[in-house]
Amino acid sequence: MEDCIEVILEEHSSRWFSHQRSGPNVTLLIGSAFSGVYGLWAMFCMPGLRLLADLGSGDGRLGFAASSMGFQCTGFEINSILLAYSRSKACWRGVPHTDIHFVKHDFWKTYLSKYRNVTMFLTPAVMGVLEEKLLKELPEDARVIVCRFPFPHWPHSCTAGSGLNQVWAYDVHTARGQFSPIAGLNQPSGLQ
């Protein structure tokens, strides 16, 4: 799945941004969704607000793909081996630290309010709790892209792909509108 995202973004970016291809073995579905939803949204709707947090960045594929589209990415990873790999990959590719950097921080303990864009490829077990954290911390105009496992309560603004190759885009202002302040963040309004 991670391979799909990186190469698809590179193929899509090459058409829009004259970016070089580096991985020939991936389908177009996920990257097109990611780049179309994220890249065009941020480029035309929010220029200058292109900070992106990649939660649980792993080997950095989502971060590298977004960086190639002009986002300033911070990858949060607690696995030392994956962190070393993604940092080495950034160095080997010559990606400036100002474009992408990987930090050994637990994103659960990091206040994310400065980010207008968030990506993740995490397990279903954490998605409900993460909904609450992001609603509390992200600004009203933030967008969240989730790969493979959707949020259980947030309404998505768009989706692409299917099965294991599906991604969802969420707008924080829409998600906040679905939650009643009286019911709390655990239940969508109307489900009390």
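Quick caveat, the model's predicted, so the values are computed rather than measured.

Trainee: Pulling in residues and values, what's your account of the overall build of the chain?
Mentor: Helix and strand counts for the chain come out as six helices and seven strands. Each helix and strand of the chain, placed in order from N terminus to C terminus, yields the pattern α-α-β-α-β-α-β-β-α-β-β-β-α. Per-residue burial over the chain gives 47% buried out of 192 residues. Pairs at least 24 residues apart make up 60% of the contacts formed inside the chain by residues separated by at least 6 positions. Summing over all exposed atoms, the chain offers an accessible surface of approximately 9,200 Å²; the carbon and sulfur share of this is 57%.

Trainee: Explain the packing of aromatic side chains residue by residue, including any values.
Mentor: Think of a pair of aromatic rings as described by two things: how far the centres are apart, and how the planes are tilted against each other in angle. Counting across every chain of the model gives six aromatic pairs. Here the aromatic rings of F64 and F102 are separated by 5.5 Å at their centres, their planes lie at 55°, and the arrangement is tilted. Linking F64 in helix α3 (residues 61–67) with F102 in strand β3 (residues 100–103), this pair joins segments that are 38 residues apart in sequence. Accessibility classification places F64 together with F102 in one group, the buried group. Chaining the aromatic ring pairs together yields one cluster made of F151, W154 and Y170. Over the ring of F71 we find R50; its NZ or CZ atom is 4.6 Å from the centre of that ring. We note R93 situated over the ring of F64; from NZ or CZ to the ring centre the distance is 4.7 Å.

Trainee: Please set out the side chain of D59 residue by residue, giving values where relevant.
Mentor: Relative to the assigned elements, D59 resides in the loop between β1 (51–55) and α3. Apart from residues no more than four positions distant in its own chain, D59 is found in contact with F64, L82, Y85, S86 and K89.

Trainee: Run through helix α5 (residues 124–137), naming residues and quoting values.
Mentor: In this model α5 runs 20 Å from its N-terminal to its C-terminal C-alpha over 14 residues, within 8% of the 20 Å that 1.5 Å per residue would give. For α5, every residue scored as buried is listed here: M127, L130, E131, K133, L134, L135 and E137. Tucked into the core, α5 has its buried residues touching β1, β4 (117–120), β5 (143–147) and α6 (172–177).

Trainee: Just give me the short version of helix α4 (residues 80–93), but keep the residues and values in it.
Mentor: Its 14 residues give α4 an end-to-end C-alpha distance of 20 Å, which sits within 8% of 20 Å, the value for a rise of 1.5 Å per residue. The residue sitting at the N-terminus of α4 and contributing the capping side-chain oxygen is N79; that oxygen lies 2.9 Å from the backbone nitrogen of I81. Of the residues trailing α4, G94 is marked for its positive phi of about 75°.

Trainee: Could you give an account of the side chain of T119, with specific residues and numbers?
Mentor: Mapped onto the elements of the fold, T119 is located in strand β4. Taking relative accessible area as the criterion, T119 reaches 0% and is therefore assigned buried. One polar contact links T119 to D54, side chain to side chain, over a distance of 3.0 Å.

Trainee: Summarise unusual backbone geometry; cite the residues concerned and give the values.
Mentor: Positive phi values are uncommon outside glycine, yet R148 reaches one of about 70°. With respect to the helices and strands, the residue R148 is situated in the loop between β5 and β6 (158–160).

Trainee: Lay out the pairing of β4 in plain terms, naming residues and giving numbers.
Mentor: What you see with β4 is no split at all: N117 and T119 on one side and V118 and M120 on the other are buried throughout. Taken together, the four bridges between β1 and β4 define a ladder with parallel strand orientation. Of the residues in β4, the one forming a bridge with A53 is V118. Pairing of β4 with β5 involves four bridges; the strand directions are parallel. Bridge pairing in β5 places M120 opposite V146. Viewed along the sheet, the connection from β4 through α5 into β5 turns out right-handed.

What counts as what
Residues numbered from 1 in each chain as written. Predicted model: local features only at pLDDT ≥ 70, side-chain atom pairs only at ≥ 80, totals over all residues. Heavy atoms only, no water. Helix = DSSP H or I, 4+ residues; strand = E, 2+ residues; numbered from the N terminus. Buried < 20%, exposed > 50% of the residue type's maximum accessible area, 1.4 Å probe, protein only. Contact = heavy atoms within 4.5 Å. Areas by Shrake-Rupley, 256 points an atom, 1.4 Å probe, with all protein chains shown as cover. Phe/Tyr/Trp six-rings, centres within 6.5 Å; stacked < 30°, edge-to-face > 60°. Lys NZ or Arg CZ within 6 Å of the ring centre and 35° of its normal. Expected span 1.5 Å × (residues − 1). Polar contact = N/O pair within 3.5 Å; in protein donor to acceptor, adjacent residues only side chain to side chain. Pairing = 2+ DSSP bridges. Right-handed = clockwise from strand over helix to strand, strands pointing away.

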